[in-house]
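Read off the chains here:
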Amino acid sequence: MTRVDLGQYAPMLLPVALVAVLVLWKALARVSRRTRVVILGTLVLAALAVTNPLLLFLSLFLAIPLVIVFWLLRRGRRAVQTRRYAATAADQLVAQAAGEDAALVQHIRSTWDETMRRAGLGITDRQASLNLAAAQKASSSGDFFQRVSGLAAEWQADRADGRVVEGTTVVDVPRLVGIRAGRVGPEITLRPIATQTAADVLAVSDRLAAAWQVPTVEVIDLRTDGLIQLRILVRDPLHRVITPADLPPATHTSVPFGLSAMGNAVSLTLAERNLLSAGVPGSGKSGLQTALLVGVSHLPNVALLGIDLKRVELSPWRSRFSRIVKDRDAAGVLLAQVRAEVLRRYEVMEDRDLKKITPSAEFPLIVVVIDELAELLSGGMTRDEKQADAAAASTLRSIIQMGRAAGVVCWLATQKPSSETIPTAIRDLIQQRVAFRTTTDAMTDMVLGDGMHYDADASRIDTPGVAWAVIDGSSQPVRLRVAWHPDETVKALADASAASRVDLAWLDEGVSPDA
């Protein structure tokens, strides 16, 4: 058999080969650059096999080690990612959690695209679907280049990250960016589709929890780079009762009252910060009030004033409070007295060139505790009572607005959060808010702020004492559980702090004793 020497035809074949490569490259325009390189490389090896077996041998001799090195590098990269996941264990608890959640993490990774689609986060890409249908049709045609192009497009569409292919339908889904260990469970970072928001992910959180067989999936952050972070609650630390021993001591700057889902103490800023708490009966408002009072009761130069229209909530603290009033008329008088004291302190600040009052024996920090704000501001039935409600709301707003610099703060609590019971003019002045279990999204928004139910759905809380809090006007709510003090111990705690009671002489100037 006569051997054909193709070397003599090289000058003529080279331009033809270049044209063929360019045509093939154009035909494969719908697939990725890496796919094109693989296909063309295969064709080059086939050409070498025909022209010169020695060149083919040398090419394979060099290519096989490169492929092995590339495979080892990819395997090493995955191992590094696994180690990084475990390396986020900042303490022993997180390290243990990383090991416990390994199977769950693997399950999430392997089923991510399909889970996103089934949860309702997939969006059909019509243009990609049309291209895929055309590619499938081309792959069955007789033309060689069209078949190669069609098969490559099918293969690329089927393995693309963030896409699910069903027949000729291409569905885009959020991409999994990363997973890291957390105390309560894995924390996921995803890149949503351009038209999706954190609210869309939160809306299907129940479906994600069911798919991954976990109790709860939370949206914890919407980052500035467009990524969304989820937290999977495998171990909810808020299921256990939080005791006072779990909290650090209170100071004049902060009063710890509970633990967050991450195990960190959550504190109320005492000076210059007001508080609003709300929730249905039995949700934990009284527990929060007790935890805060226990914290501040032993602090010197802190005067407590109470408005208790339910007549029983503040009674155990009678020995520590400077005054507690229990009817609407006395409440109006007390608020007027507090406002007068605020104005007097501003006169002192003006005379002494001060910008704010520092708590002292001369000017103690005044904390006005109002239990059941709704009854105070909207409980009137007659015309005179409704006028008194309006006057009380106006006076309270003035105290909250001006009291910060004067060393006067208010703690407000209600079980009926609405625009009538919590006027927007008052709510917007309060930087610290705590929402226990509510019944509607509107109630949650009324307490925490407009639209906050997307990130902090208080209507889904099912454990007394668990709440969502916004501290110091932060845009990121914190899920927490309030420390529990048994009712039978409250009276003894109050009596033990009676020595810290502050007598306010101006309370008895021209008014009758408290109700």
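Heads up: the structure comes first, above all this text.
Rules and cut-offs
Residues numbered from 1 in each chain as written. Predicted model: local features only at pLDDT ≥ 70, side-chain atom pairs only at ≥ 80, totals over all residues. Heavy atoms only, no water. Helix = DSSP H or I, 4+ residues; strand = E, 2+ residues; numbered from the N terminus. Buried < 20%, exposed > 50% of the residue type's maximum accessible area, 1.4 Å probe, protein only. Contact = heavy atoms within 4.5 Å. Areas by Shrake-Rupley, 256 points an atom, 1.4 Å probe, with all protein chains shown as cover. Patch = residues over 30% accessible without salt bridge, like charges linked within 9 Å, V, L, I, M, F, W, Y side chains within 5 Å. Salt bridge = Lys/Arg side-chain N within 4 Å of Asp/Glu carboxyl O. Lys, Arg positive; Asp, Glu negative; His and termini not counted. Charge placed at Lys NZ, Arg CZ, Asp CG, Glu CD. Core = buried A, V, L, I, M, F, W, Y, C linked by side-chain atoms within 4.5 Å. Axes fitted to C-alpha atoms, helices over the stretch in contact; angles between N-to-C directions. Parallel < 35°, antiparallel > 145°, perpendicular 65-115°, else oblique. Left-handed = near helix turned anticlockwise from the far one by under 90°. Nonpolar A, V, L, I, M, F, W, Y, C, P; charged D, E, K, R; others polar.

As a further point, take the overall build of the chain. Counting its secondary structure elements, the chain contains 17 helices and 17 strands. The burial tally for the chain puts 44% of its 515 residues in the buried class. Of all intrachain contacts in the chain linking residues separated by at least 6 positions in sequence, the fraction that spans at least 24 positions is 64%. If you sum the accessible surface of the chain, you get close to 26,700 Å²; carbon and sulfur atoms cover 57% of it.

To continue, consider a negative patch on the surface. Together, Glu-347, Glu-350, Asp-351 and Asp-353 make up a region of like negative charge exposed at the surface. Tracing the backbone shows Glu-350 in helix H12 (residues 328–351).

A separate point is the side chain of Ser-322. Among the structural elements, Ser-322 can be located in the loop between strand S11 (302–308) and strand S12 (323–325). Overall, Ser-322 belongs to the buried group, its relative accessible area being 10%. Dropping the residues within four chain positions of it, Ser-322 is found in contact with Ala-303, Leu-304, Leu-305, Arg-501, Val-502, Leu-504 and Leu-507.

With 35 residues, the main nonpolar core has Leu-305, Ile-307, Ile-370, Leu-376, Leu-396 and Leu-412 as its most contacted residues. At the level of elements, S11, H12, strand S13 (365–371), helix H13 (373–378), helix H14 (383–406) and strand S14 (408–414) are the ones that each hand at least two residues to this core. Ranked by size, the runner-up nonpolar core spans 33 residues in total, among them Val-294, Leu-304, Val-490 and Ala-494.

As a packed pair, H12 and H14 sit with axes 9 Å apart at the nearest point and diverge in direction by 30°. What the angle tells us is that H12 and H14 run roughly parallel. Judged by the sense of rotation from one axis to the other, the crossing of H12 with H14 is left-handed. Contacts between H12 and H14 involve Arg-328, Leu-335, Ala-336, Val-338, Arg-339, Val-342, Leu-343, Arg-345, Tyr-346 and Met-349 on the former and, on the latter, Glu-385, Asp-389, Ala-392, Thr-395, Leu-396, Ser-398, Ile-399, Met-402, Gly-403, Ala-405 and Ala-406. Grouping the constituent residues of the contact of H12 with H14 by class yields 13 nonpolar, three polar and five charged.

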